[in-house]
Protein chains: 2
Amino acid sequence: MSLFVFGHKSPDTDSVCSAISLAYLKNKLGMDAKAYALEEPRKEAKFVLDYFKVELPEILDPSKIKGQDVVLVDHNEIAQTADGIEEANIVEIVDHHKIGNLSTDIPISVRIMPVGCTCTIIYNLFKENNIEVPYEIAGLLISAILSDTLIFKSPTTTELDKKAVYELAEIAKVDYESYGMEMFKAGTSLDGFSIEEIVNMDFKEFNMSGKRVGIGQVMTLDIDSILSKEDDFLSYINETEFDMVVLAITDIIKEGSYLIYKGEDKVISQAFNVNAAQGVFAEGIVSRKKQLVPKLTDAVKNI
Amino acid sequence: MSLFVFGHKSPDTDSVCSAISLAYLKNKLGMDAKAYALEEPRKEAKFVLDYFKVELPEILDPSKIKGQDVVLVDHNEIAQTADGIEEANIVEIVDHHKIGNLSTDIPISVRIMPVGCTCTIIYNLFKENNIEVPYEIAGLLISAILSDTLIFKSPTTTELDKKAVYELAEIAKVDYESYGMEMFKAGTSLDGFSIEEIVNMDFKEFNMSGKRVGIGQVMTLDIDSILSKEDDFLSYINETEFDMVVLAITDIIKEGSYLIYKGEDKVISQAFNVNAAQGVFAEGIVSRKKQLVPKLTDAVKNI
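This write-up is about the structure you can find in this document. This one's a predicted model, so the numbers in the text were calculated from it and none came from an experiment. (Residues numbered from 1 in each chain as written. Chains lettered and ligands numbered in written order. Predicted model: local features only at pLDDT ≥ 70, side-chain atom pairs only at ≥ 80, totals over all residues. Heavy atoms only, no water.)

1. Some points on the overall build of chain A
Point 1. Looking only at helices and strands, chain A features 11 helices and 11 strands.
Point 2. Its C-alpha atoms give chain A a radius of gyration of 19 Å, within 12% of the compact-globule value 19 Å for 303 residues.
Point 3. Counting only C-alpha atoms and orienting by the principal axes, one finds that chain A spans roughly 55 × 45 × 35 Å.
Point 4. Looking at chain A residue by residue over its 303 residues, the buried ones come to 59%.
Point 5. Restricting the contact set of chain A to residue pairs at least 6 apart, pairs at least 24 apart contribute 64%.
Point 6. Carbon and sulfur atoms make up 47% of the accessible area of chain A, which totals about 12,700 Å².
Point 7. If you average the places of the 30 positive and of the 49 negative side-chain charges in chain A, the two averages end up 3 Å apart. (Helix = DSSP H or I, 4+ residues; strand = E, 2+ residues; numbered from the N terminus. Rg over C-alpha atoms; globule rule 2.2 N^0.38 Å. Buried < 20%, exposed > 50% of the residue type's maximum accessible area, 1.4 Å probe, protein only. Contact = heavy atoms within 4.5 Å. Areas by Shrake-Rupley, 256 points an atom, 1.4 Å probe, with all protein chains shown as cover. Lys, Arg positive; Asp, Glu negative; His and termini not counted. Charge placed at Lys NZ, Arg CZ, Asp CG, Glu CD.)

2. Details of the pattern of salt bridges
Point 1. Tallying each qualifying case throughout the model produces 30 salt bridges over all chains.
Point 2. A salt bridge links Glu128 of chain A to Arg111 of chain A; its shortest N-O distance comes to 2.6 Å. With Glu128 of chain A in helix 3 (residues 118–128) and Arg111 of chain A in strand 6 (residues 109–112), the pair connects residues that are 17 residues apart, well separated along the chain.
Point 3. With a relative accessible area of 32%, Glu128 of chain A lands in the partly exposed category.
Point 4. For Lys46 of chain B, the salt bridge goes to Glu40 of chain B, with nearest N and O atoms at 2.6 Å.
Point 5. Taken together, the shared-partner salt bridges connect Arg42, Asp202 and Arg288 of chain A into one network. (Salt bridge = Lys/Arg side-chain N within 4 Å of Asp/Glu carboxyl O.)

3. Looking at the relation of the copies chain A and chain B
Point 1. For the pair chain A and chain B, the relating rotation is 180°, the translation along its axis is 0.0 Å, and the fit reaches an RMSD of 0.1 Å. Both copies of the chain, as the preceding transformation shows, are related through a two-fold rotation axis.
Point 2. Here 100% of the interface residues in chain A have copies in chain B that are interface residues too; the copies meet face to matching face. (Least-squares fit on C-alpha atoms with pLDDT ≥ 70 in both.)

4. Notes on the interface of chain A and chain B
It is common to report an interface's size as the accessible area lost on association of the parts.
Point 1. Each partner contributes to the interface: chain A provides 21 residues, whereas chain B provides 22 residues.
Point 2. Between chain A and chain B, roughly 2,000 Å² of surface is buried when both sides are summed, and carbon and sulfur atoms account for 54% of that area.
Point 3. Counting the surface chain A buries against chain B, the share from its top three residues, Ile99, Pro107 and Val110 of chain A, is 29%.
Point 4. Taken together, the connections running from chain A to chain B amount to 0 salt bridges.
Point 5. In this assembly, chain A and chain B are joined by 10 residue pairs in polar contact (both at pLDDT 80 or more). (Buried area = accessible area lost by both parts, 1.4 Å probe. Polar contact = N/O pair within 3.5 Å; in protein donor to acceptor, adjacent residues only side chain to side chain.)

5. Examining the side chain of Asn76 of chain A
Residues and elements named next belong to chain A.
Point 1. Turning to its location among the elements, Asn76 is positioned in the loop between strand 4 (69–73) and strand 5 (89–95).
Point 2. The buried category is assigned to Asn76, whose relative accessible area is 2%.
Point 3. At 2.9 Å, the side chain of Asn76 and the side chain of Asp95 are in polar contact.
Point 4. Among the polar contacts listed, one links the side chain of Asn76 to the backbone oxygen of Lys98, at a separation of 2.9 Å.

6. As for helix 3 (residues 118–128) of chain B
Residue and element names in this part refer to chain B.
Point 1. Of all 11 residues in helix 3, 9 are buried, a share of seventy percent or more.
Point 2. When we look at burial in helix 3, the residues that qualify are Thr118, Cys119, Thr120, Ile121, Ile122, Tyr123, Asn124, Leu125 and Phe126.
Point 3. A positive backbone phi angle near 55° is found at Asn130, which sits one or two residues after helix 3.

7. Some details on the sheet that holds strand 8 (residues 211–219) of chain A
Two orientations exist for strands paired in a sheet by backbone hydrogen bonds: parallel and antiparallel.
Residue and element names in this part refer to chain A.
Point 1. The 5 strands lie next to each other as 7-8-9-10-11, forming an open sheet whose pairing is mixed. At either margin of the open sheet sits one strand with a lone partner, and together these are strand 7 (203–208) and strand 11 (280–283). For this sheet the average axis-to-axis angle between neighbouring strands, irrespective of direction, equals 30°.
Point 2. In terms of strand pairing, strand 10 (residues 256–262) meets strand 11 through 4 bridges, oriented antiparallel. Following the sheet pairing, Leu259 is matched in strand 11 by Val280.
Point 3. Docked against the sheet, helix 9 (residues 230–238) engages strand 9 (244–251) and strand 10, running at close to 50° with respect to strand 10.
Point 4. Contacting strand 9, strand 10 and strand 11, helix 10 (residues 265–272) runs over the sheet at an angle of about 160° to strand 10. (Pairing = 2+ DSSP bridges. Axes fitted to C-alpha atoms, helices over the stretch in contact; angles between N-to-C directions.)

8. Quick look at the packing of helix 3 of chain A against helix 4 (residues 135–148) of chain A
Residues and elements named next belong to chain A.
Point 1. Between helix 3 and helix 4, the shortest axis-to-axis distance is 8 Å and the interhelical angle comes to 145°. Contacts between helix 3 and helix 4 involve Cys119, Thr120, Ile122, Tyr123 and Phe126 on the former and, on the latter, Ile137, Leu141, Ala144 and Ile145.
Point 2. Looking at the contact of helix 3 with helix 4 residue by residue, the classes come out as 8 nonpolar, 1 polar and no charged. (Nonpolar A, V, L, I, M, F, W, Y, C, P; charged D, E, K, R; others polar.)

9. So, the environment of Gly100 of chain B
Point 1. You can see Gly100 of chain B is positioned in the loop between strand 5 (89–95) and strand 6 (109–112).
Point 2. What makes Gly100 of chain B buried here is its relative accessible area of 11%.
Point 3. For the pair Gly100 of chain B and Ile78 of chain B, spaced 22 residues apart in sequence, the C-alpha separation works out to 8.3 Å.
Point 4. Residues within four places of Gly100 of chain B in sequence aside, it is in contact with Leu102 and Ser103 of chain A together with Asn76 and Glu77 of chain B.

10. Section: the layout of surface pockets
Point 1. Reported here for the largest pocket is a volume of approximately 1,500 Å³.
Point 2. If you go around the largest pocket, you meet 48 residues; those closest to its centre are Arg111 and Glu128 of chain A together with Arg111, Leu125 and Glu128 of chain B. (1 Å grid on protein atoms, 1.4 Å probe; cavity = no way out; pocket = protein on both sides within 12 Å on 5 of 7 lines; lining within 4 Å. Points joined across faces, edges and corners; volume = space filled by probe spheres on them.)

11. Side note on the packing of helix 1 (residues 13–28) of chain B against helix 4 (residues 135–148) of chain B
Residue and element names in this part refer to chain B.
Point 1. For the pair helix 1 and helix 4, interaxial distance at closest approach is 9 Å and the crossing angle is 150°. Between helix 1 and helix 4, the angle is such that the two are roughly antiparallel. At the point where helix 1 passes helix 4, the crossing takes the left-handed sense. Only Ile137, Leu140, Leu141, Ser143, Ala144, Ser147 and Asp148 of helix 4 make contact with helix 1, whose side of the interface consists of Thr13, Asp14, Cys17, Ile20, Ser21 and Tyr24.
Point 2. Residue composition of the contact of helix 1 with helix 4, grouped by class: 7 nonpolar, 4 polar and 2 charged. (Parallel < 35°, antiparallel > 145°, perpendicular 65-115°, else oblique. Left-handed = near helix turned anticlockwise from the far one by under 90°.)

These figures come from the coordinates and say nothing about function on their own.
Quick look at the structure:
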């Protein structure tokens, strides 16, 4: 039986590239594995696949998951994974996120490392197993690492991520800085997207002290076009069913995020050390995983 | 700040040996790490340390855990770990058990593999990091693997466990089968233990469909002395506060377990495919992790 390998919903570059790369590695190790995407991958991931001439993974048909052995990459929370996962057998997890209420009935294989990108772990799995990384897989791996680490500007970046990028740049034949900027520009253009699409582009749900909190993050090099529609964003998120919503418009050049939010000003003020107001700039806040989530979790707990 | 490395409460051979071995590896890799035991180790672990002339690890003083970076080996459930763990920073987990409601605030390092013993994973970490395994560490690692896999009789045994034992036997200079039997005989003698001590010797608590279920397991080569005191065991476990208690007296030669239990007959009957009665022999049931827990979980859920 083929092993299904997939990343989280709303697939970003890491989720797509880590699924394809890990399935490739497992096939090389004699297993029968296939990469899937849970939904249509984001624009940046499509740019990457196109650049390295790799086919888009098939979108997983939820009816096929029953009784299936699956490998989760780049996520471990049930809320972020395939519908119907409770009817599948999770046999392995490769991830770099915090662990969120994970339970299994039997022991499985889990490889979680506090590094900037799942693809950094997968690159190290290639090395541990002495499997050569071909050109196009090197291209996918380096793209995901540059994407998740914001070309090393994200505080989640580790030495292991950098080492992987330096080594993979040779195989993928790219100058990592100029390639990374080209990828970000292609990926962050928001032309033609609606308010709803932008909010949900990279949106994850969290439970904080019993409150349903949604955090959306958009990285773009075109901040002005978003902030000019601040009122439209605000009315959209105010109508959602979440107790609290934070939309972070992250400027990776200025290294900070503009915040549009549904929720109490004092929570935002305490979490990010700002005078809360719609559109406020939170200096230095660029990572949801390492900054937005833990800071909000603390502030919600303490207020 | 020194890293504290420790296994679960009621420390068995794997918990003690994996803590000592991983702390040794971390020190070799330039970190400052120290192994602890949460409680007095069991008889078998003491035999092993004595055999390979390694000092007993210090018992962890719970007042020292606050703000401390800790590594959990051979367990991942909060109920099985150090008191006051919520005030410590769990930075790493190396384990081979099912995952039980694990959550962290930030990403940490997790290495869980579905193998027979944590020490098999740790032996592979030595190899991945190109660190030589010295004689006494080889002795601890092989002892734990033989203990957890019941010299390969447990269904949890994998090829990776066997390979580790074959390789470690060379370094530790033992014939693994005769050494394993010697270790089991030393470890399973129940002379001088009270009813209460025997029940709690290797006792773990689980939540099954909202019920508090306690499962104790005793491996011994002297079944008769236990079964002759069946009534005393029964009155002891009937007085505990658990909704259900199963004490499995495991005969590793016959490869099965005699069951003494507090709970409904039909749950026992369905879980182990037996005509439930106190002292009933459950053929083939030797692993709590791979058999007792999942079978009971299913039966409790379905009844």
